[in-house]
Amino acid sequence: MSLSESLSDDVTSPSQTLGPLYGFALMFEGSEKMLERDDPAAIELVGRVTDAGGPVAWPEAMVEVWNGELWARGRTDEAGEFHFVIRKPGPEHTTDAEPLAPYLNVMVFARGLLKHAYTRLYFPDESAANAGDPVLALVDDDLRHSLIAQADGERLRFDVCLQGPEETVFFEY
């Protein structure tokens, strides 16, 4: 009998960085908020992490969003959903002084990923800035939608698909 045959599906390896190893210790009260909900600049962000098999639920996934001093971390729930209170970042420029559209970096930690998955969230109300963003311009036209959050009533929705036909565009970091 090989080692892999003797291990059940319930055994966690060190490369599965969330699970019971330490993911629970990375959360703290308020880690999902960049600012308080009652702040006039506060935006509620919801999303879902999925892969080809469906939702990636806690303790299988954790998501971080950041840009500069703005930062938040949250876990997915039993449906693979995450919830943040964010603020849209201010204007930025490349080193060549080209304007960048407002964005948040998004990093997904998930069981089975040996390296974190990095992507970006662009804002749907910034269509002119998004059209001129030099990083977004590197992405094929038919895939850009996976990087732009969707207005969902008073909040934003940004779903992340790790694999499959609706896979989100990911970047090397």
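Above this text you will find the structure in question.
Analysis parameters
Sequence positions are assigned chain by chain, starting from 1 and proceeding in written order. Confidence filtering applies because this is a predicted model: local features only for residues at pLDDT of at least 70, side-chain atom pairs given and counted only at 80 or more, and all residues used for totals across whole chains, interfaces and linings. Neither water nor hydrogens contribute to the side-chain values; these are computed over all heavy atoms in the structure. The helix and strand labels rest on DSSP assignments: H or I over at least four residues marks a helix, E over at least two residues marks a strand, and numbering proceeds from the N terminus. Polar contacts, as counted here, are pairs of nitrogen or oxygen atoms within 3.5 Å of one another; within protein the pair requires one atom able to donate a hydrogen and one able to accept it, and residues that are adjacent in sequence qualify only if both atoms are side-chain atoms. A pocket here means an open set of points on a 1 Å grid, computed over the protein atoms alone, that has protein on both sides within 12 Å along at least five of seven lines. A cavity is instead a set of points where a 1.4 Å probe fits but cannot get out; residues with an atom within 4 Å of a point line either one. Grid points are joined across faces, edges and corners, and a volume is the space filled by probe spheres set on the points. Exposure is judged per residue with a 1.4 Å probe applied to protein chains only, and the accessible area is read against the type maximum: over 50% gives exposed, under 20% gives buried, and values in between give partly exposed. Contacts are residue-level and defined by heavy atoms, with any inter-residue pair within 4.5 Å sufficient. Residues belong to a common nonpolar core when they are buried Ala, Val, Leu, Ile, Met, Phe, Trp, Tyr or Cys residues joined through side-chain atoms within 4.5 Å. In this analysis, strands are considered paired if DSSP registers two or more bridges between them. What counts as an axis is a line fitted to C-alpha atoms, over the stretch in contact for a helix, and the angles between N-to-C directions run from 0 to 180 degrees.

Caption draft 1: Structural view of the side chain of Glu81. With respect to the secondary-structure elements, Glu81 resides in strand β5 (residues 81-86). A polar contact is formed between the side chain of Glu81 and the side chain of Arg157, at a distance of 3.3 Å.

Caption draft 2: A look at the layout of surface pockets. In this structure, the largest pocket spans a volume of roughly 220 Å³. Lining the largest pocket we find His145, Ser146, Ile148, Ala149, Gln150, Arg157, Phe158, Asp159, Cys161, Glu166 and Thr168.

Caption draft 3: Fine view of the environment of His93. Positionally, His93 belongs in strand β6 (residues 92-93). Under the relative-accessibility criterion, His93 is labelled partly exposed at 49%. Expressed as a C-alpha distance, the spacing of His93 and Pro134, which sit 41 residues apart in the sequence, is 10.0 Å. Every residue in contact with His93, bar those within four places of it in the chain, is listed here: Glu98, Pro99 and Leu100.

Caption draft 4: Region of interest: the nonpolar core. Membership of the largest hydrophobic core comes to 27 residues, with the highest contact counts inside it found for Met34, Val49, Val65, Phe84, Ile86, Leu121 and Leu162. Secondary-structure elements contributing two or more residues to this core are β1 (43-51), β3 (61-67), β4 (70-75), β5, β8 (103-110) and β9 (117-122). Leave out the neighbours within four places in its chain, and Val49 touches Gly54, Pro55, Val56, Ala61, Val63, Thr76, Gly80, Phe82, Val108, Val160 and Leu162. Leu100, Tyr122, Leu136 and Val169 belong to the second largest nonpolar core, which has eight residues in total.

Caption draft 5: Broad picture of the sheet that holds β4. Taken together, the four strands give an open sheet; going across it, the order is β4-β3-β8-β9, and neighbouring strands pair in antiparallel fashion. Here the strands that pair on one side only, and so sit at the sheet edges, are β4 and β9. Direction aside, neighbouring strands of the sheet carry axes that sit 20 degrees apart on average. Summarising the sheet, β3 and β4 pair through six bridges and their orientation is antiparallel. Pairing of Asn67 across the sheet is with Leu70, part of β4.

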